[in-house]
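Examination of the molecular architecture
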Amino acid sequence: MGGWRAYLTTASPRSRRQAALQRAWLGWLTFRTNPAAMLGLGIVSALVLCAAAAPWLATHSPIEQDLVRRLAPPSAEHWLGTDELGRDIYSRIVYGARITLRIVALVAVIIGPIGLAIGCLAGTLGGAVDAVLMRLTDVFLAFPRLVLALALTAALGPGIENAVIAIGLTGWPPLARLARAETLTIRRSDFIAAARVIGASQLRIVAVHVVPLCLPSVIIRLTLDMAGVILIAAGLGFLGLGATPPSPEWGAMIATGRKFVLDQWWIAAMPGLAICAASLGFNLLGDGLRDVLDPKLR
Amino acid sequence: MTAPGTPAILEVDDLRVAFPTRGGLVHAVRGVSFSVGREKVAIVGESGSGKSMTGRAIIGAVPRTGTVTAKRLAFDGMDLLALPPARRRALAGRRIAMVLQDPKFSLNPVMRVGEQIAEGFRVHGIARGAEARDRALAMLEAVRIRDPGRVYRAYPHELSGGMGQRAMIAMMLAPGPDLLIADEPTSALDVTVQAQVLAIIDDLVSRSGMGLIFISHDLDLVARFCDRVIVMLAGRIVESVAASDLRRVSHPYAQGLLRCVPRIDGGQGDLPTLSRDAIWRAEGSAP
Amino acid sequence: MIAVRDLTVRFGLGADVVTAVGGIGFDVRAGESFGIVGESGSGKSTVLRALAGLVDDWSGAVSVAGAPLPRRPDRAFRRRVQLVLQDPYASLHPRQTVDRILAEPLAVHGIPDADRRIVDALAAVGLDASFRFRYPHQLSGGQRQRVAVARALLLDPEILLLDEPTSALDVSVQAEVLNLLRKLRRERRMTFVLVSHNLAVVANMCDRVAVMTGGLIVEQLDAPRLAAGTVTHEYTSALLRASAGYDRSHGAHDAAMG
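Owing to the predicted nature of the structure, the values given are computational and were not obtained by experimental measurement. (Residues numbered from 1 in each chain as written. Chains lettered and ligands numbered in written order. Predicted model: local features only at pLDDT ≥ 70, side-chain atom pairs only at ≥ 80, totals over all residues. Heavy atoms only, no water.)

Here we take up the interface of chain C and chain B. By a frequent convention, interface size equals the accessible area lost on bringing the separate parts together. Tallying the contact residues gives 38 residues for chain C and 36 residues for chain B. Between chain C and chain B, the buried area comes to about 3,200 Å², and carbon and sulfur atoms account for 53% of it. Counting every contact that joins chain C to chain B gives one salt bridge. We note a salt bridge from C:Arg182 to B:Asp270, for which the minimum N-O separation is 2.8 Å. On the surface where chain C and chain B come into contact, there are 11 residue pairs in polar contact (both at pLDDT 80 or more). Listing elements by their share of the side of chain C that touches chain B, those giving two or more residues are helix H6 (171-188), helix H7 (199-205), helix H8 (223-228), helix H9 (234-243) and helix H10 (248-257) of chain C. In terms of residue count, the dominant contributor to the side of chain C that touches chain B is H6(C) (nine residues). Grouping the amino acids of the side of chain C that touches chain B by side-chain chemistry returns 21 nonpolar, 10 polar and seven charged. (Contact = heavy atoms within 4.5 Å. Buried area = accessible area lost by both parts, 1.4 Å probe. Salt bridge = Lys/Arg side-chain N within 4 Å of Asp/Glu carboxyl O. Polar contact = N/O pair within 3.5 Å; in protein donor to acceptor, adjacent residues only side chain to side chain. Helix = DSSP H or I, 4+ residues; strand = E, 2+ residues; numbered from the N terminus. Nonpolar A, V, L, I, M, F, W, Y, C, P; charged D, E, K, R; others polar.)

Further remarks concern H9(C). Residues of H9(C) that are buried: C:Tyr235, C:Thr236, C:Ala238, C:Leu239, C:Leu240 and C:Ala242. Of the residues one or two after H9(C), C:Gly245 is the one with positive phi, at around 105°. (Buried < 20%, exposed > 50% of the residue type's maximum accessible area, 1.4 Å probe, protein only.)

A word on unusual backbone geometry. The phi angle at B:Glu184 is positive, at roughly 45°, despite the residue not being glycine. Examined against the element boundaries, B:Glu184 turns out to sit in the loop between strand E8 (179-183) and helix H7 (191-208).

On to a positive patch on the surface. Among the surface-exposed residues, B:Arg112, B:Arg133, B:Arg150 and B:Arg153 lie close enough to one another that they form a single positively charged patch. Mapping B:Arg153 onto the fold places it in helix H5 (residues 148-153). (Patch = residues over 30% accessible without salt bridge, like charges linked within 9 Å, V, L, I, M, F, W, Y side chains within 5 Å. Areas by Shrake-Rupley, 256 points an atom, 1.4 Å probe, with all protein chains shown as cover. Lys, Arg positive; Asp, Glu negative; His and termini not counted. Charge placed at Lys NZ, Arg CZ, Asp CG, Glu CD.)

Turning our eyes to something else, we now look at the sheet that holds E8(B). To summarise the sheet geometry, strands pair through backbone hydrogen bonds and adopt either a parallel or an antiparallel arrangement. Residues and elements named next belong to chain B. Spatial strand order, E7-E8-E9-E3-E10-E11: six strands in an open sheet with mixed pairing. Unpaired on one side and paired on the other, strand E7 (96-99) and strand E11 (236-242) mark the two borders of the sheet. Adjacent strand axes in the sheet meet at a mean angle of 15°, parallel and antiparallel pairs treated alike. Sheet analysis places strand E10 (residues 228-233) next to E11, joined by six bridges and oriented antiparallel. (Pairing = 2+ DSSP bridges. Axes fitted to C-alpha atoms, helices over the stretch in contact; angles between N-to-C directions.)

It is worth spelling out the pairing of E10(B) at this point. All names here are of chain B. Within E10, six of the six residues are buried, which leaves the element mostly enclosed by the surrounding structure. Here E10 shows a buried face lined by Arg 228, Ile 230 and Met 232 and a second buried face lined by Val 229, Val 231 and Leu 233. In the sheet, strand E3 (residues 40-44) pairs with E10 via four bridges, with the strands oriented parallel. Counted as the bridge partner of Val 44 is Val 231 from E10. What sits between E10 and E11 in their antiparallel hairpin is a turn of two residues, with Ala 234 showing a positive phi close to 50°.

A few words on the nonpolar core. Residue and element names in this part refer to chain A. Among the nonpolar cores identified, the biggest contains 70 residues, and Ile 103, Val 107, Met 226, Trp 250 and Phe 282 are the most heavily contacted of them. Listing elements by their share of this core, those giving two or more residues are helix H3 (35-52), helix H5 (89-125), helix H6 (127-142), helix H8 (160-187), helix H9 (190-198), helix H10 (202-238), helix H11 (250-257) and helix H12 (266-293). Looking at this core element by element, the count peaks at 16 residues for H10. Sequence-distant contacts of Val 107, defined by excluding residues within four places in its chain, comprise Gly 112, Val 164, Ile 167, Met 226 and Val 229. (Core = buried A, V, L, I, M, F, W, Y, C linked by side-chain atoms within 4.5 Å.)

Turning our eyes to something else, we now look at H3(A). Residues and elements named next belong to chain A. Between its terminal C-alpha atoms H3 stretches 25 Å, which fits the 26 Å expected from 18 residues at 1.5 Å a residue. Turning to H3, its buried residues number three or more, namely Ala 37, Gly 40, Val 44, Leu 47 and Ala 51. One side of H3 carries all its buried residues, which in axial view fall inside an arc of 85°. Structural note: H3 exposes Pro 35, Leu 49 and Ala 52 on the side pointing more than 90 degrees away from its buried face. Packed against the buried residues of H3 are helix H2 (16-32), helix H4 (54-57), H5, H11 and H12. (Expected span 1.5 Å × (residues − 1). Arc of directions from axis to C-beta.)

As a further point, take the sheet that holds strand E2 (residues 18-28) of chain C. Residue and element names in this part refer to chain C. The strand order E2-E1-E4-E5 describes an open sheet built from four strands, whose pairing is antiparallel. One side of each edge strand has no neighbouring strand; the edge strands of this open sheet are E2 and strand E5 (67-68). Where strand E4 (residues 58-64) meets E5, two bridges bridge the pair, whose relative direction is antiparallel. The residue bridging Val 64 from the neighbouring strand is Ala 67, located in E5.

Function cannot be inferred from these measures alone, as they are strictly geometric.
Shown next, in the form of structure tokens:
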């Protein structure tokens, strides 16, 4: 039992870093007690590992064709079988994690900050700013998500970047709504009044005092949203509007497997399972994070 | 320990309440023994002294993670800890009542005040229909609400703090309980309203002859109001005296609690403060 | 130090206008400790929040420290006038350590030497350095209120406004915080305006007292007169009687009155 445990649990930390680490440690202890959340974390970690170490984990090239071995069932040589062009499905799924994660990460990086900034600003400043920003949010919220994504990729052409833009455009409004609702309850609290008395500017109050309190619920929502993003990305891929062939996108893999679904079920089922697991992983992780981060549940 | 001549309706022997936390068990109440007859008993202490948790343990409202143990926790001869939960809940509504600090948390916000009181009569099978309504109105009159008809029809948020607390008292006393536990019932009220609410409790308790456990942090107040005073510190009883003898308490902690209250005619010097002696917390730990 | 003339504060619009403060006036001399007593809804806290520059919409003539109260208070005003709020459970940011809370006023005003000042401020309110990196939820009510006082002191204000600084605390802790405030006022020659519902607290802390009810000041009196109970307005005497504590023989009478 080293000194690090004492370092993390002492009642009187001696530095800023120690206080922050203690907080994270306590959060981890809470998170650890939730089996579903740990499963979610495991799945998402596995996904990240697959993407990072794809060349080492894959047994075959994801795009090399071997027409002799086409439509082979799962075997020792091809763990999850091969598709209609004789490509190894396991390897394609491993490499496909890269595409899925890239879409998820790009969408999160786009919609997280935008939603947070718009929501917190609208909630704190109120008045005309609030009205304009929230009507704008309503406009974007009114678009059906998948249909807009379809229209956009149809117009801009298929490809991951266009899919990300399409998903991002309709992804931020719910986050902005959430951040604004949180801000409205925070805005009236005494510690915001105390910050005003100290002389902090509106911008500083938003950035330093309001945003850190909105951040947890936005992160939770974002994580939960990622499950939906994975599904939409797969849907675009399935319709041929996402990643372009021959890249191993899971949705596109299902689309090709569709023709063989009755006789060579593994071609569609294996990427389908991957989509299902990844989406479930983000969902469980989001729920677990809520237990740790949400101040209202403490 | 009961005042002579009154049979105890509540007997508490070695009551303990503990909560598990990451740092191990936290003992909120660590071996409290007292009994209450048809009299007014005050439990006084600072926040964290375990006074509220003692009250909650008696009525069975300790948060779920807590464990309550006692050598004996008996109400009218019945062992409360051995009763089946359903019987205990029925007992808690009908024969033991509790009034909390803020009526807002105890009244149903979407139900008219009068109907909540009438509901109490119906649930306990005391009266039904129009009779329940009439008795609810009479109850509101008993807590000296001048326009009972209006308050009967009002929703809780339409009442002021003092009015809400009166309605709460009316609701709790409606089934005619034998024991009332009042946890800081006047702390959230203005001073002028405090006196009125105290007078109502005093009057109703004395008239019906029920027992009262009055939980408060204000020694001065309970000295005027109650028959007996129990002083708690860190989950234990440090002193138990008749209210008339309160000025002669012997425990330095109890003395300190009395002296640190500022007085209007007390001048402007520094107030005496409590030295929180570690010995007091440890003492009495031997069973 | 503070001169208030005909201060009026209204909330709401149109038919729902509520007059919280209905045209009051009072003066506070430099170095004085001035008390405002009243019950909830009397407007006493609104007066204090207006003086702290937290109320946007008020009318009247108010001068603080020789200059008119600015409509949009600037940093110079903030350094002269500070406020301690009632509920220490709500007035400290729940996700910031004590260190971060105390660093905020220094960062906003660009005051150097933050490390030493924070340690000094903690010492001034009787907290040792081990409290510096704790979160508010790890502190007791009294300790939190000390942190709130330390935050106000870091800007070295001339005027400290106190909104019910001890009403959320145990009586035993209240005595400690009141003694601390008295000591700090003496050492730093600050002017206090203290709002409370508790006559005894005001009598203990203040040189002069204004009694408010329904948004108006009904009586102003000095500490000796308050202590002696020589008051003129009937509301003040009702307040005095109620503060004297519950009395069984009078209880029935008071209740009938209400």
